[in-house]
Amino acid sequence: MILSLLVLLPGCLQTQPQSATKQEVLNALTLAIPPAEQKVSQPTPEKAALETPKPYIEKDLWRHIALNLKFEISPHPRLKKRIDWYLSQPDYLLKVNTRAAPYLYHIVKKVEQQKLPLELALLPFVESDFRPHAVSKQQAVGAWQLVDATAYHFGLESNDWYDGRKDVLSATDAALAYLKYLNKTFKGNWLHAIAAYNSGEGRVKSAIKKNRKLRKSTHYWHLSLPKETSEYVPKLLALSYLLQHPETGFKRPKLANHATTTILDVGQEFNFGILANLLEVNKQQLHALNPGFLRHQSPINGPHKVLVPLSEAALLKSAFYREQLSHSYTVVKNDTLYGIARRFNTSVNKIKLLNDKQNNLIRIGERLLINQANINRSLTVDYQISPYLQQQTPVKQATIEHHHTIVSGDSLWDLSRHYQVPLKDLLDWNNLQAASILSPGNVLILHLPAKQAVEPVTPTNMPTYLDKLENAVNATEIPSATVPNLPQ
């Protein structure tokens, strides 16, 4: 028997919350419908959202998300199974929301700015239960579960000091870029694109090709995919469905639809202890908000952007921002706030916040603070003064040459992910272009790392200077109530 949902979202967009009792909705989940109603000729529910009116703007972020979800929900037993799984733990989203809270508003805005389906903002919940430190068996890392090759291809940095895959907002940019690429590859079919995000582009292409050859439907539900992927997309659709139907008993969190954290570009290398002290926030909380930084100091060459547990208004009014990240400007004849904002590449709103102005009126001779980096002191600790804290220098990694024989369904992108090597290197090693066609039986050459130990540097003595400095920084820390400490 084919299980069905009673509610199919018309036109790919649910324009109003459905009114139904809890029992009516639960009954709908087990309603049988004739197989003829699931013809392939029906509009495909996984297509990109149609042109829609302006999104609903709600004061609560989760309600805002629920009212702006766009995928049609197509009936299937696998979807019913995932809905039952969520309903068996109705507090699931309340718990995960604690980890997501500092980031979710920013993610939603990034998705909306790029005019992408808001369902994509739910993927970190499906991928990792929103755990920035999560690492899968396939070595996919972070809330978005990106492997090294994908991260590299879409511009994320990774070194001994920083891993962009653990940086939630930087990883969001890379993940959305990858999803846009996959959506274009699969000609606007979002369910195919999302499945490929999980299992690889080549695998989904191969499953589609196989169904076409057998004259079967290429709808996502009919594709033969790995077990994990066959459950992955239904998990996203089930979460989307339940968010729109809290009457089922699934608890939807409450979260203010505005930013409680702010992205700050420090503009130079910084130490977390010193920066936290200047911002008057808790150092551990600041570090927890920025899991991409692997040490207590940022890389010399960046990135130098941090998420701080302050609203934009609170940050702009802080003594640190006024003293170190702004400078004074004297208003001259014919100046306007708009003209000043354009000249200094800022916004009228930021100038008004910095100067506690309620309107746009300015007068000749008035001194305004302009948000522009003006840091005149070092925000770092010189670790090189201590041989004890000097960084270990790894031995140059040895590699071995590996030969891969191409089989049907292989793609350059999938192979780079499988072998954990940058796509650019794979192309260079084999004199290929990104659009090159792989023929079964041909051999690709890969240079893979061989296991080799890192020789540690033995300290010669124990320093005291840095310990004292760190203790001085820690002693001045004050707890912040703006954002809760993040569960790992």
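Residues numbered from 1 in each chain as written. Predicted model: local features only at pLDDT ≥ 70, side-chain atom pairs only at ≥ 80, totals over all residues. Heavy atoms only, no water.

*Asks:* Just to check I follow, could you spell out the overall build of the chain for this structure?
*Replies:* Scanning the chain for helices and strands turns up 19 helices and eight strands. For the chain, with 488 residues in total, the buried portion stands at 48%. Sequence separation of at least 24 residues holds for 73% of the intrachain contacts in the chain that already meet a minimum separation of 6. Put simply, the chain shows about 25100 Å² of open surface, and 52% of that area lies on carbon and sulfur atoms. (Helix = DSSP H or I, 4+ residues; strand = E, 2+ residues; numbered from the N terminus. Buried < 20%, exposed > 50% of the residue type's maximum accessible area, 1.4 Å probe, protein only. Contact = heavy atoms within 4.5 Å. Areas by Shrake-Rupley, 256 points an atom, 1.4 Å probe, with all protein chains shown as cover.)

*Asks:* It is not clear to me how the nonpolar core should be interpreted in this structure. Could you clarify?
*Replies:* A general tendency of soluble globular proteins is for nonpolar side chains to be buried together. In terms of nonpolar packing, the biggest core is built from 84 residues, with Ile65, Phe125 and Trp144 touching the most fellow members. At 10 residues, helix 4 (residues 92-113) tops the list of elements feeding residues into this core. If sequence neighbours within four positions are ignored, Phe125 has contacts with Trp62, Tyr92, Leu93, Val96, Ala100, Leu104, Phe130 and Leu239. Core analysis: the next-biggest nonpolar cluster, separate from the first, contains 20 residues, Phe293, Val306, Leu310 and Tyr321 among them. (Core = buried A, V, L, I, M, F, W, Y, C linked by side-chain atoms within 4.5 Å.)

*Asks:* Would you mind going over the side chain of Glu269 with me for this structure?
*Replies:* With respect to the secondary-structure elements, Glu269 resides in the loop between strand 3 (262-265) and helix 11 (272-279). Of the side chains with opposite charge, Arg295 lies nearest to the buried Glu269, which makes no salt bridge, at 10 Å. (Lys, Arg positive; Asp, Glu negative; His and termini not counted. Salt bridge = Lys/Arg side-chain N within 4 Å of Asp/Glu carboxyl O.)

*Asks:* Before we go on, may I ask you to explain the environment of Phe125 in this structure?
*Replies:* Looking at the secondary structure, you find Phe125 in helix 5 (residues 123-128). When its relative accessible area of 1% is taken as the criterion, Phe125 is described as buried. C-alpha separation for the pair Phe125 and Leu236, spaced 111 residues apart in sequence, amounts to 8.5 Å.

*Asks:* Honestly, the pattern of salt bridges in this entry has me stumped. Any pointers?
*Replies:* A side chain of one charge can pair with a side chain of the opposite charge when the charged atoms of the two come close. Under the counting rule described, the total for this entry stands at 12 salt bridges. The partner of Lys109 in a salt bridge is Glu112, and the shortest N-O contact between them spans 3.3 Å. Linking Lys109 with Glu112, this pair stays in helix 4, spanning three residues, or about one helical turn. Given a relative accessible area of 23%, Glu112 falls into the partly exposed group. A single salt-bridge network, built from bridges that share partners, covers Lys81, Lys227 and Glu231.

*Asks:* What am I meant to see in unusual backbone geometry here?
*Replies:* Negative phi is the rule for most residues except glycine; trans is the rule for most peptide bonds. Cis geometry marks the peptide bond from Gly302 to Pro303; its omega dihedral reads 10°. Relative to the assigned elements, Pro303 resides in the loop between helix 12 (283-289) and strand 4 (305-308). Positive phi, close to 55°, is recorded for Phe130, a residue that is not glycine. Among the secondary structure elements, Phe130 is positioned in the loop between helix 5 and helix 6 (148-153). Exposure remark for Phe130: the relative accessible area of 0% places this residue in the buried category.

*Asks:* Help me understand the packing of helix 8 (residues 190-199) against helix 9 (residues 201-213), please; the structure alone is not making it clear to me.
*Replies:* A pair of packed helices is characterised by two quantities: the angle between their axes and the separation of those axes. Between helix 8 and helix 9, the shortest axis-to-axis distance is 7 Å and the interhelical angle comes to 130°. Here helix 9 runs oblique to helix 8, going by the angle between their axes. Judged by residue contacts, His192, Ala195, Ala196 and Ser199 of helix 8 engage Glu201, Arg203, Val204 and Ile208 from helix 9. Taken together, the residues of the contact of helix 8 with helix 9 break down into four nonpolar, two polar and two charged. (Axes fitted to C-alpha atoms, helices over the stretch in contact; angles between N-to-C directions. Parallel < 35°, antiparallel > 145°, perpendicular 65-115°, else oblique. Nonpolar A, V, L, I, M, F, W, Y, C, P; charged D, E, K, R; others polar.)

*Asks:* Looking at this structure, how should I read helix 3 (residues 77-87)?
*Replies:* Three or more residues of helix 3 are buried, namely Leu79, Lys80, Arg82, Ile83 and Tyr86. With its buried residues spanning 165° around the axis, helix 3 presents them on a single face. (Arc of directions from axis to C-beta.)

*Asks:* Just checking my understanding: could you explain the packing of aromatic side chains for this structure?
*Replies:* What describes a pair of aromatic rings is the distance from one ring centre to the other and the angle between the planes of the rings. Considering all chains together, one arrives at 16 aromatic pairs under this definition. Both rings, one in Tyr329 and one in Phe344, keep their centres 5.5 Å apart while their planes meet at 65°; by these two values the pair is edge-to-face. A residue pair is termed long-range when its members are at least 10 positions apart, and Tyr329 in strand 5 (residues 326-330) and Phe344 in the loop between helix 15 (337-343) and helix 16 (348-354) qualify at 15 residues. Phe344 shares its class with Tyr329; the two are buried. Ring pairs connect the aromatic residues Trp62, Tyr103, Phe125 and Phe130, which therefore count as one cluster. The cationic tip of Arg82 hangs over the ring face of Trp85; the distance from NZ or CZ to the ring centre is 4.8 Å. (Phe/Tyr/Trp six-rings, centres within 6.5 Å; stacked < 30°, edge-to-face > 60°. Lys NZ or Arg CZ within 6 Å of the ring centre and 35° of its normal.)

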